[in-house]
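Each chain, letter by letter, is given below.
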Amino acid sequence: MNKTGHVAFIGAGPGAADLITVRGARLLAQADVVLFDALTDPALRQLAPAARWLHVGKRGFENSTAQATINALLVRHAQRAARVVRLKGGDPSVFGRLEEELQALADAGIACEVVPGITAASAAAAATLRPLTRRGGGRSVSLNTAMTAVTTQAGDAAPVARHADTEVFYMAGKQLLALARRLAASGWPADTPVCVVSRAGWGDMLASDHTAATVAQAAVLHAGRPAVVTVGAGAAPAVLQRPASCEPLQAATEAGRAIDRGF
Ligand code: SAH
């Protein structure tokens, strides 16, 4: 009979390797096999150099490993190796298809645990010094996927209710025009602040300011980069004075404004 292992789902955080949690790093260092996603930092390999690293990444519309294949791989490796790590970008519990992988392992009788990670929305908030919640007008946050385009028969954006004072859209990079329509259809005023942040947590992070009406213009600046779009209360600058450490953001924001102006 095969020995059955244990699977640790570990959130790698949104970018640079040092954004993984201490617990995640410790479990990763003990891994025999690591199944990892496209958006995780290759530098994390140094934490488990002796482990077998298998890429099972998925990125938007690009070629991807089918979810059923990932589930099967996880079960197979957990049946052969003692310690399997499923390393996921950000937090495994946020747009990570975690429920399907947990179910596949439960069906096979394999024990699991989940180690949380920093999700992209939090990393973007930190990088831009813009808290997701604000006293007064920012009491609720919703995490949304921009991928589920809801359209009417005429092809227009179907009304989707606003969920919260701050809405953060994941997987929005190639959906910005549709997102702008969706924001208008769900009643966000045209001048609602919108902040787009790509590669939050990395050294080459970019952030740009827009409005609900102009967010589609962020497409050029952030093309080909993982991005989150924060809309509403949490998108507005939180500090009036710009600290010296915000210069890269300011430069990127200027670039975003230039694009907004059509330069
Ligand atoms: N589990 C991940 C999300 C996976 S879905 C998390 O918790 O962050 C993939 C989407 O996450 C991307 O399309 C993008 O919208 C967002 N994302 C991931 N890494 C990002 C980063 N470093 N900066 C901005 N957005 C990121």
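Look up a bit, the structure's there.
Attention in this report is confined to the structure presented alongside it.

Analysis parameters
Residues numbered from 1 in each chain as written. Predicted model: local features only at pLDDT ≥ 70, side-chain atom pairs only at ≥ 80, totals over all residues. Heavy atoms only, no water. Phe/Tyr/Trp six-rings, centres within 6.5 Å; stacked < 30°, edge-to-face > 60°. Helix = DSSP H or I, 4+ residues; strand = E, 2+ residues; numbered from the N terminus. Lys NZ or Arg CZ within 6 Å of the ring centre and 35° of its normal. Buried < 20%, exposed > 50% of the residue type's maximum accessible area, 1.4 Å probe, protein only. Arc of directions from axis to C-beta. Contact = heavy atoms within 4.5 Å. Near = heavy atom within 4 Å. Polar contact = N/O pair within 3.5 Å; in protein donor to acceptor, adjacent residues only side chain to side chain. Areas by Shrake-Rupley, 256 points an atom, 1.4 Å probe, with all protein chains shown as cover. Nonpolar A, V, L, I, M, F, W, Y, C, P; charged D, E, K, R; others polar. Pairing = 2+ DSSP bridges. 1 Å grid on protein atoms, 1.4 Å probe; cavity = no way out; pocket = protein on both sides within 12 Å on 5 of 7 lines; lining within 4 Å. Points joined across faces, edges and corners; volume = space filled by probe spheres on them. Salt bridge = Lys/Arg side-chain N within 4 Å of Asp/Glu carboxyl O.

**Details of the packing of aromatic side chains**
Summed over all chains, the structure comprises two aromatic pairs. Arranged with centres 5.5 Å apart and planes meeting at 65°, the rings of Phe36 and Trp53 form a pair that is edge-to-face. Of this pair, Phe36 sits in strand β2 (residues 33-36) while Trp53 sits in strand β3 (residues 52-55), and the two are 17 residues apart along the sequence. Over the face of the ring belonging to Trp188 we find Arg162, whose NZ or CZ atom lies 3.8 Å from the ring centre. A cation over an aromatic ring shows up here: Arg199 above the ring of Trp202, its NZ or CZ 4.2 Å from the ring centre.

**Remarks on helix α5 (residues 176-185)**
Within α5 the residues assigned to the buried category are Leu176, Leu179, Ala180, Arg182 and Leu183. All buried residues of α5 lie within an arc of 165° about the axis, which places them on one face of the element. With respect to the buried face of α5, the exposed residues turned more than 90 degrees away are Leu177 and Ala184. Where the residues of α5 are buried, they touch β6 (141-145), β7 (166-170), β8 (193-198) and β10 (227-232).

**What to know about the site of the ligand**
Lining the immediate environment of the ligand, one finds 18 residues, of which Pro14, Val94, Thr119, Met171 and Ala227 sit closest. Within the backbone of Val94, one N or O atom sits 2.7 Å away from a nitrogen atom of the ligand. Measuring from a nitrogen atom of the ligand, one finds a backbone N or O atom of Arg199 at 3.3 Å. Bound to the protein, the ligand loses 90% of the 550 Å² it would expose on its own. In terms of residue class, the shell around the ligand is made up of 13 nonpolar, three polar and two charged.

**Description of the pairing of β10**
Among the six residues that make up β10, six are buried, leaving the element largely enclosed by the rest of the structure. Inspection of the sheet shows β7 paired to β10 by four bridges, in the antiparallel sense. Counterpart to Val168 in the pairing with β10 is Thr230. Pairing between β8 and β10: five bridges, direction antiparallel. Each residue of the ladder has a partner; that of Val197, found in β10, is Val228.

**Let's talk about empty space enclosed by the protein**
Under the criterion given, the structure shown has two cavities of 30 Å³ or more. The space that makes up the largest cavity amounts to roughly 50 Å³. Lining the largest cavity, in full, are Ala121, Ala124, Ala125, Thr128, Arg130, Leu132, Cys195, Val197, Thr230 and Gly234. Elements supplying a minimum of two residues to the lining of the largest cavity: α4 (120-127) and β8.

**Observations concerning the pattern of salt bridges**
It is possible for side chains of opposite charge to pair when their charged atoms get near one another. Within this structure, the stated rule accounts for eight salt bridges. Here Arg83 makes a salt bridge to Asp32, at a shortest N to O gap of 3.5 Å. Taken together, the positions of Arg83 in strand β4 (residues 83-88) and Asp32 in the loop between α1 (22-29) and β2 put the pair 51 residues apart, joining distant regions of the chain. A residue is classified by how much of its surface remains accessible, and Arg83, at 41% relative accessible area, is partly exposed. With a relative accessible area of 29%, Asp32 lands in the partly exposed category. The salt bridge involving Glu101 is made with Lys88; its shortest N-O contact spans 3.1 Å. With a gap of 13 residues between them, Glu101 in helix α3 (residues 98-107) and Lys88 in strand β4 connect regions that are remote in the sequence. In this structure, Glu101 and Lys88 share a single accessibility class: buried. Counted as one network, the salt bridges with shared partners bring together Asp37, Arg86, Lys88 and Glu101.

**Describing the environment of Arg45**
Mapped onto the fold, Arg45 is located in the loop between β2 and β3. Note on Arg45: relative accessible area 39%, which makes it partly exposed. In this structure the C-alpha to C-alpha distance between Arg45 and Ala29, which are 16 residues apart in sequence, comes to 9.1 Å. The residues contacting Arg45, other than those within four sequence positions of it, are Phe36 and Trp53.

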